[in-house]
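# Residue-level structure breakdown
In case you want the letters, here they are:
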Amino acid sequence: MERERVFIFDTTLRDGEQSPGASMSIEQKFEMAVQLARLGVDAIEAGFPVSSPKQFDGCRMIARKVKGPAITALARAVDNDLQAAYDSIREAERKRIHTFIASSPIHMKHKLKKDPDAVLEMACRAVKWARQRVDEVEFSPEDATRSDLPFLCRLVEQTIDAGATVINIPDTVGYAVPEEFGLFIRKLMEAVPNMDKAVLSVHCHNDLGLGVANSIAAVKNGARQVEVTVNGIGERAGNASLEEFVMAMNVRQDLLPFTTGIDTRQIYQSSRLLSNIIGFPIPRNKPIVGENAFAHESGIHQDGVIKHRATYEIMTPEDVGRDASTLVLGRHSGKHGFRRRLEELGLLLTDENLDAAYKSFLDLADRKKEVYDDDLYVIVRDQIGEQLDTYELIYFNFQSGNMAIPTATVRIKSEEKMLEEAATGDGPVDAMINAIDRALGISSKLLEYNVHAITPGRQAIGEVSVTVQIEDGRYIGRGASTDIVEASARAYLNAVNRYKTASR
Ligand code: KIV
Ligand code: ZN
């Protein structure tokens, strides 16, 4: 059967980055954009350029260097935004301006303080402006699902006439339910006479956990672009998750006769990379990419899978790029084998970074017999992350015991200065954090602290993730080591480095 193409518009770097605590540096956004292109998305929404110089520069860097997908910048339907969006992406091979204005009564009245005719005029003007400069123009009536359908149809018809090539229907507040949303899309398709002149897209938020279900309902009713994010990150409860939507299309081809351009074998790597960059751990039970997604615990299930894999697996880990490691690395592995395994995992380093990463690998291999793929992700993450960091942990020492007052000493490098301090605390981790706070002259509040073993065995690498409040912001940090106190110090410093990056 001929299968129709559904375009994947990835907004990890724009809506995704709006998740509290998910802000990325320009270099990290670029690294993620390269991976998204490798994954095969059709469009990358690189940012909201008018909102800050960092957003603008991030879009420009991606536009200059990432080939393949349409590089998209977001703009409200006003001149400044549109100009910034255009300037940031003008060097892209394929460029798209995405402009939006709210169309629901509640947003028009309370937020915009404009009547429907004024909104209509602004939308058409913005679309025309953009279309005079780029070939691909996307228009979104924000909060579309709570808009009045006849007004929405008028707005869509007129923006298509003004030159929009993609009409995106956002369920901005994640309010829709699948059957209703599918019908809404169908009615829109039927009521807008020139709908065949544009691609109909949907952008579903996940406030009720229905983002993917709503996107699928929309595709079944005529939408041909979906807006998604890796790991489902995004405003509030997030957006429809790329990996879940794409795998639903793949697994249920019997009901969903559509294709995407996604190379599903790049899914796991994309998910890991994002999680490493923003510091959000992937929940163990997350579909497709969580640690337990392909783990069979009960005896009955294990027995079934051994006899015939498909008894309990609707897709294979290999389908999404989660191959079992074929090469176990250890103390005697050479640089060549190390590089090869990194390349197989899609982790491409410059020669200089490779040398430093190999050195970290040898240090780890000295402490641990076998080095797993997950260890390699951590080594590479630390290697790339350190270059962006303001503070580097050079030395630490702690004393603890049932008869001693826990005490820690740290030495931290900050540009060319060495900062050294000692402090006591309620335990070694508390003492370490107190010593870091003193050395850096900051005060913070530890909101969350979690430890888990990344790799198996008694010499497992333990990963600590922390959420720290500094001033008004919350920052997530992660650190890994075979020593839990060291991992805690690294996680804490990682959060402080994110605070520094965000306030630059
Ligand atoms: O959720 C939303 O409405 C948006 C628009 C800007 C598309 O993110
Ligand atoms: Zn959104």
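The coordination sphere of the zinc ion (ligand 2) contains the protein donors Asp15 (OD), His203 (NE2) and His205 (NE2), at a distance range of 2.0 to 2.1 Å. The sequence pattern describing where the donors of the zinc ion (ligand 2) fall on their chain is D-x187-H-x1-H. A residue pair is termed long-range when its members are at least 10 positions apart, and aspartate 15 in the loop between strand 2 (7–10) and helix 1 (26–39) and histidine 205 in the loop between strand 8 (199–204) and helix 8 (211–220) qualify at 190 residues. The burial state of aspartate 15 is the same as that of histidine 205; both residues are buried.

Domains assigned within the protein are domain 1 (4–278), domain 2 (293–323), domain 3 (324–384) and domain 4 (391–503). Each of domain 3 and domain 4 was reduced to a C-alpha centroid, and the two centroids are 24 Å apart. Regarding the contact of domain 3 and domain 4, the summed buried area is about 860 Å², with carbon and sulfur atoms giving 56% of it. It is Arg367, Lys368 and Arg381 that lose the most area in domain 3 upon contact with domain 4, and together they represent 48% of the buried surface on that side. Here domain 3 is connected to domain 4 by zero salt bridges. Between domain 3 and domain 4 we count zero residue pairs in polar contact (both at pLDDT 80 or more) in total.

Time to look at the site of ligand 1. Every residue close to ligand 1 is listed here: Arg14, Asp15, His98, Phe100, Ser140, Glu142, Asn168, Pro170, Thr172, His203 and His205. A distance of 2.9 Å is found between an oxygen atom of ligand 1 and a side-chain nitrogen or oxygen belonging to arginine 14. The side chain of threonine 172 places a nitrogen or oxygen atom 2.6 Å from an oxygen atom of ligand 1. Relative to its unbound accessible surface of 260 Å², ligand 1 loses 94% to contact with the protein. Looking at the shell around ligand 1, the elements that each hand over two or more residues are strand 5 (95–102), strand 6 (136–142) and strand 7 (166–171). Among the residues forming the shell around ligand 1, the class breakdown is two nonpolar, six polar and three charged.

Conventions we followed
- Residues numbered from 1 in each chain as written.
- Chains lettered and ligands numbered in written order.
- Predicted model: local features only at pLDDT ≥ 70, side-chain atom pairs only at ≥ 80, totals over all residues.
- Heavy atoms only, no water.
- Donors = N, O, S within 2.8 Å, 3.2 Å for Na, K, Ca; no water.
- Helix = DSSP H or I, 4+ residues; strand = E, 2+ residues; numbered from the N terminus.
- Buried < 20%, exposed > 50% of the residue type's maximum accessible area, 1.4 Å probe, protein only.
- Domains from an automatic or database assignment.
- Buried area = accessible area lost by both parts, 1.4 Å probe.
- Salt bridge = Lys/Arg side-chain N within 4 Å of Asp/Glu carboxyl O.
- Polar contact = N/O pair within 3.5 Å; in protein donor to acceptor, adjacent residues only side chain to side chain.
- Near = heavy atom within 4 Å.
- Areas by Shrake-Rupley, 256 points an atom, 1.4 Å probe, with all protein chains shown as cover.
- Nonpolar A, V, L, I, M, F, W, Y, C, P; charged D, E, K, R; others polar.

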